[in-house]
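Given next are the chains, with one letter for each unit.
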Amino acid sequence: MNRRGLFPCLVTFVAVWLVTFAHGAEETKDEGNKIYLNSHSIHMPYIDEEMRSKYFEYGGDTLINTYKAIQLTPDLPSRAGWLWSKHALPTSSWEIEFEFKVSGAGANLFGDGFAFWATTNDPSTGPVFGSVDKFDGLGVFFDTYANSKANHNFPYVMAMIGDGKTSYDNSKDGSDTEAAGCEADFRDKPFPTKAQVTYFRGEYLQVI
């Protein structure tokens, strides 16, 4: 079954914020100070009186409730929305946290899922969780629907390191290019779920 025809997830982002790590030459990966970056963080009311954000772009079917949340898609078929930073990451080590909710009118199934991207690509709507299937950088996929037989349950969170040439294969839920993944029961919860993505200088990636 091709999941693109299903109801997409109703994903709501409550807040997004980023910190970077300040390290000396002799420090280890477990040491250093965290520096908050306003240029990569977003909080209520999210946009100004001209319906724009100083630091983020948004598009597709994304809706912004200025004092509540950012809704990436409505609970309707074949919709996709995105929220994209206007600025490149200024450091090789960073940590991003965001809160989200995934829900819908269906009893057990709410479409595809959503993704977190740290890539060199420009904002572009595509077939993989709202963005392109070939990307250069990191994609972390919060997948809510099994498009193929798998040895794990869904929802499932997985990471892929893209080279700009290799596609994320929707029909196989990205299994051929998966760097790592785990099951995560975040669908249809009465409270927001918090995710934290930490990347350190090409040495390790952690998603909790």
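Residues numbered from 1 in each chain as written. Predicted model: local features only at pLDDT ≥ 70, side-chain atom pairs only at ≥ 80, totals over all residues. Heavy atoms only, no water.

Looking at an unreviewed UniProt entry, the protein chain carries the name L-type lectin-like domain-containing protein, with the source organism given as Basidiobolus ranarum. In its Subcellular location (unreviewed entry) section, the UniProt entry covering the protein chain states "Membrane". (UniProt positions renumbered as here; feature names shortened; annotations may be inferred.)

A.B. asks: Which residues make up the overall build of the protein chain, and what values go with them?
C.D. replies: Across its full length, the protein chain carries 0 helices and 13 strands. Reading the helices (α) and strands (β) of the protein chain from amino to carboxyl end gives β-β-β-β-β-β-β-β-β-β-β-β-β. The buried share among the 208 residues of the protein chain stands at 43%. Of the contacts made within the protein chain by residues no fewer than 6 positions apart, 61% connect residues no fewer than 24 positions apart. In the structure as shown, the protein chain presents an accessible area of about 11000 Å², 50% of it carried by carbon and sulfur atoms. (Helix = DSSP H or I, 4+ residues; strand = E, 2+ residues; numbered from the N terminus. Buried < 20%, exposed > 50% of the residue type's maximum accessible area, 1.4 Å probe, protein only. Contact = heavy atoms within 4.5 Å. Areas by Shrake-Rupley, 256 points an atom, 1.4 Å probe, with all protein chains shown as cover.)

A.B. asks: Let's hear about the nonpolar core: which residues, and what values?
C.D. replies: With 27 residues, the main nonpolar core has Trp94, Phe98, Phe100, Phe116, Leu138 and Phe142 as its most contacted residues. Put simply, the parts of the chain that give this core at least two residues each are strand E1 (10-22), strand E2 (33-42), strand E7 (93-103), strand E8 (113-119), strand E9 (134-143), strand E10 (156-167) and strand E12 (193-200). The biggest single contributor to this core is E7, with 5 residues. By size, the runner-up hydrophobic cluster in this structure holds 14 residues, among which are Val128, Phe129, Phe154 and Met158. (Core = buried A, V, L, I, M, F, W, Y, C linked by side-chain atoms within 4.5 Å.)

A.B. asks: Could you give an account of the pattern of salt bridges, with specific residues and numbers?
C.D. replies: Evaluated as defined, the whole model comprises 5 salt bridges. Here Arg52 ties to Glu50 by a salt bridge, and the two come within 2.0 Å at their closest N and O atoms. According to the relative accessible area criterion, Glu50 is partly exposed, its value standing at 48%. The partner of Asp61 in a salt bridge is Arg79, and the shortest N-O contact between them spans 4.0 Å. In this pair, Asp61 sits in the loop between strand E3 (56-60) and strand E4 (63-65) while Arg79 sits in the loop between strand E5 (69-71) and strand E6 (81-85), placing the two residues 18 residues apart along the sequence. (Salt bridge = Lys/Arg side-chain N within 4 Å of Asp/Glu carboxyl O.)

A.B. asks: Outline the packing of aromatic side chains, listing residues and values.
C.D. replies: Here the structure, examined in full by the defined rule, presents 19 aromatic pairs. The interplanar angle of 70° and the centroid separation of 6.3 Å between the aromatic rings of Phe135 and Phe141 together place this pair among those described as edge-to-face. On the basis of relative accessibility, which here comes to 0%, the residue Phe141 falls in the buried class. The interplanar angle of 70° and the centroid separation of 5.9 Å between the aromatic rings of Phe142 and Phe186 together place this pair among those described as edge-to-face. Of the two residues, Phe142 is situated in strand E9 and Phe186 in the loop between strand E11 (180-183) and E12; the sequence distance between them amounts to 44 residues. (Phe/Tyr/Trp six-rings, centres within 6.5 Å; stacked < 30°, edge-to-face > 60°.)

A.B. asks: Quick rundown of the environment of Lys134? Include the residues and the values.
C.D. replies: Turning to its location among the elements, Lys134 is positioned in strand E9. Measuring from C-alpha to C-alpha, the distance between Lys134 and Asp169 comes to 9.7 Å, with 35 residues separating the pair along the chain. Dropping the residues within four chain positions of it, Lys134 is found in contact with Asn121, Gly164, Lys165, Thr166 and Ser167.

A.B. asks: Describe the sheet that holds E11, with residues and values.
C.D. replies: Judged by pairing direction, the sheet is antiparallel, and its 4 strands sit side by side in the order E8-E9-E10-E11 without closing on themselves. The outermost strands of the open sheet, each flanked by one partner alone, are E8 and E11. Neighbouring strand axes in the sheet, compared pairwise and without regard to direction, differ in orientation by 25° on average. With 7 bridges joining them, E8 and E9 adopt antiparallel strand pairing. By the bridge assignment for E9, Ala115 is matched with Phe141. (Pairing = 2+ DSSP bridges. Axes fitted to C-alpha atoms, helices over the stretch in contact; angles between N-to-C directions.)

A.B. asks: Would you mind going over the confidence of the model for the protein chain in detail, with residue names and values included?
C.D. replies: In this model, the protein chain carries an average pLDDT of 84, and 86% of its residues clear a pLDDT of 70 or more. Ignoring residues within four places in sequence, the model shows residues 1-9, a span with pLDDT below 50, making 45 contacts including any to other chains. Here residues 24-31 is a poorly scored stretch, pLDDT under 50, and it has 9 contacts once near neighbours within four places are set aside; other chains count. (pLDDT = per-residue confidence, 0-100.)

A.B. asks: How would you sum up the environment of Ser148? Please name residues and give values.
C.D. replies: If you trace the backbone, Ser148 turns up in the loop between E9 and E10. Ser148 gets classed as partly exposed once you look at its relative accessible area, which sits at 25%. Excluding its chain neighbours within four sequence positions, the residues that come into contact with Ser148 are Ser171, Lys172 and Asp173. A polar atom in the side chain of Ser148 sits 3.0 Å from the side chain of Asp173. (Polar contact = N/O pair within 3.5 Å; in protein donor to acceptor, adjacent residues only side chain to side chain.)

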